[in-house]
Amino acid sequence: MSKVFQIALNFDANSPDKHSIVNVSNITSGGGLGMITLVDPKSKKQISADLISDETLNTFVLFNTVIFNGAIGAIGCAFNVINIVIFFRLGFKDTINISLFSLGIADFCCLLPLISRNPYFYSWSKIPVDYQEFQFFTAGTPNFCFARISSLITAFVTFERCLCIAMPLKVRRIITPKRTAMIMAFIFVLIISSVAIMYIDMTLGPKYFPERNKTLIGLIYFEYGVLFEKITVTFNIFIQIFSVVVVIVCTIILVVELKRKSAWRTKTTGCRDSTSNVRDLKVVKMVLFISIIFIICFFPSAINLMVMATVTEYNIRGQFSNLFVLTWALFNTMESTNSSVNIFVYMRMSSKYAEQFHGMFGFNEICGCRKKVSVSK
């Protein structure tokens, strides 16, 4: 199954510890779907040429999934709820507020499925489900979907700031709040629709697993289910690579133009920028920080996708399957981290956001601040 990071817990009934974790066996691509499959090491054929041992892989992926992803998902969801509320309070007359409000929604929806992807939830329960297929249907696919939405929104925000630097007098007529809201809605509809077609020809239901001699609730494909899945994954891989390229190019342009215009203003005016220019500079710096974090977190997975397309043995069943599993587990965590840390950038770079944050949690009163929180209208 492509684009799936699979985890399942199998327990050896004859072992002294019936709840011992067994080795990780496979993963298919990353970028958000994330499922891990743990299998009995006795039933797994060893690949001596692989660069990563089964023991190393099992330890890393399980620790990464149970501890890091669960913690990142819970904390990140809370942070993004704060982001959504604050940007809603700031109002939508500024296009940047609309974009960052939408980014908060996408990041929240991306992180929420991580909480349910802990394999212990299923081992403790008595629900007769196949973990890897159930979580792919209910958690992996939504996580994958909203990670792509987050990527596109970040690309748009960076592109918009590029236009603000390159065409400061025209950009407000080109990118209006209404158009920005329409673009955000289009991004959500486009990606959700591209992923939703997978659900047209697949569902959850009773399914016989001959290797276990059990009937469990699993993934059932209809006539065109596999085809729709391939179309969805291919399209969203393109979206991920496209978003990373746009962000990198626009970030470079932003840095160059920012330095050039700052030097020109200083030379012509003989003084520092005006208040409006300082505000624009802060917004650009905030977007730059967001873009740099995005590039750090998403660029490795984009390169990994290219490696998958060129190295034939770098896949789930190839010679380097263990290395494939480990790298995608790491990249999935990096993407989740990207969806969780923007709140610190906003706090550091946006005075309006910081004021709203302090007012929301009563820090103004605690610190003895008398300054009223200003809400842009």
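Preceding this paragraph is the structure being described.
Residues numbered from 1 in each chain as written. Predicted model: local features only at pLDDT ≥ 70, side-chain atom pairs only at ≥ 80, totals over all residues. Heavy atoms only, no water.

Asks: What's the story with the overall build of the protein in this structure? I'm lost.
Replies: Counting its secondary structure elements, the protein contains twelve helices and four strands. Within the span of the protein, comprising 377 residues, buried residues form 49% of the whole. Long-range pairs, those at least 24 residues apart, make up 76% of the contacts in the protein with a sequence separation of at least 6. (Helix = DSSP H or I, 4+ residues; strand = E, 2+ residues; numbered from the N terminus. Buried < 20%, exposed > 50% of the residue type's maximum accessible area, 1.4 Å probe, protein only. Contact = heavy atoms within 4.5 Å.)

Asks: I tried to follow the pairing of strand β3 (residues 202-209) on my own but got confused; where do I start?
Replies: Consecutive residues of a regular strand have side chains that alternate between opposite faces of the sheet. Direction of pairing for β3 relative to strand β4 (residues 214-221): antiparallel, over a ladder of eight bridges. What sits directly across from P206, in β4, is I217. Once β3 ends, the chain turns through four residues before running back antiparallel as β4, passing N213 with a positive phi of about 55 degrees. (Pairing = 2+ DSSP bridges.)

Asks: Is there a simple way to think about the packing of aromatic side chains in this case?
Replies: The geometry of an aromatic ring pair comes down to the distance between the two centres and the angle between the two planes. Per the counting criterion, the structure on display carries ten aromatic pairs. Arranged with centres 5.1 Å apart and planes meeting at 90 degrees, the rings of F87 and Y346 form a pair that is edge-to-face. Note that F87 is positioned in helix α1 (residues 54-90) and Y346 in helix α10 (residues 342-349), a separation of 259 residues in sequence. The pair F87 / Y346 is uniform in exposure class, with both members buried. Between the aromatic rings of F87 and Y353, the centroid separation amounts to 5.6 Å while the plane-to-plane angle is 45 degrees, which identifies the pairing as tilted. Separated by 266 residues along the polypeptide, F87 in helix α1 and Y353 in helix α11 (residues 351-360) bring together distant segments of the chain. The exposure class assigned to F87 is buried, which follows from its relative accessible area of 4%. (Phe/Tyr/Trp six-rings, centres within 6.5 Å; stacked < 30°, edge-to-face > 60°.)

Asks: Honestly, the side chain of R161 in this entry has me stumped. Any pointers?
Replies: Mapped onto the elements, R161 comes out in helix α4 (residues 131-166). What makes R161 buried here is its relative accessible area of 8%.

Asks: Just to check I follow, could you spell out a nonpolar patch on the surface for this structure?
Replies: Together, F63, I67 and F68 make up an exposed nonpolar region whose accessible area comes to about 280 Å². Residue position: F63 is located in helix α1. (Patch = residues over 30% accessible without salt bridge, like charges linked within 9 Å, V, L, I, M, F, W, Y side chains within 5 Å. Areas by Shrake-Rupley, 256 points an atom, 1.4 Å probe, with all protein chains shown as cover. Salt bridge = Lys/Arg side-chain N within 4 Å of Asp/Glu carboxyl O.)

Asks: How should I be thinking about the pattern of salt bridges in this particular structure?
Replies: A side chain of one charge can pair with a side chain of the opposite charge if their charged atoms are brought near each other. Scanning the entire structure with this criterion turns up two salt bridges. Across the pair R148 and E335 runs a salt bridge whose closest N-O atoms are separated by 3.9 Å. Residue R148 is found in helix α4, and its partner E335 is found in helix α9 (residues 321-338); the two are separated by 187 residues along the sequence. Note on accessibility: R148 and E335 belong to one class, buried. Across the pair R161 and E160 runs a salt bridge, and its minimum N-O distance is 3.5 Å. Neither R161 nor E160 differs from the other in exposure class; each is buried.

Asks: Explain helix α2 (residues 95-115) to me, please; I cannot follow it from the model alone.
Replies: The periodicity of an α-helix, 3.6 residues per turn, causes residues three or four positions apart to be oriented the same way. Given a rise of 1.5 Å per residue, 21 residues ought to cover 30 Å, and the 32 Å separating the end C-alpha atoms of α2 matches this to within 8%. Among the 21 residues that make up α2, 16 are buried, leaving the element largely enclosed by the rest of the structure. (Expected span 1.5 Å × (residues − 1).)

Read these as geometric descriptors, not functional statements.
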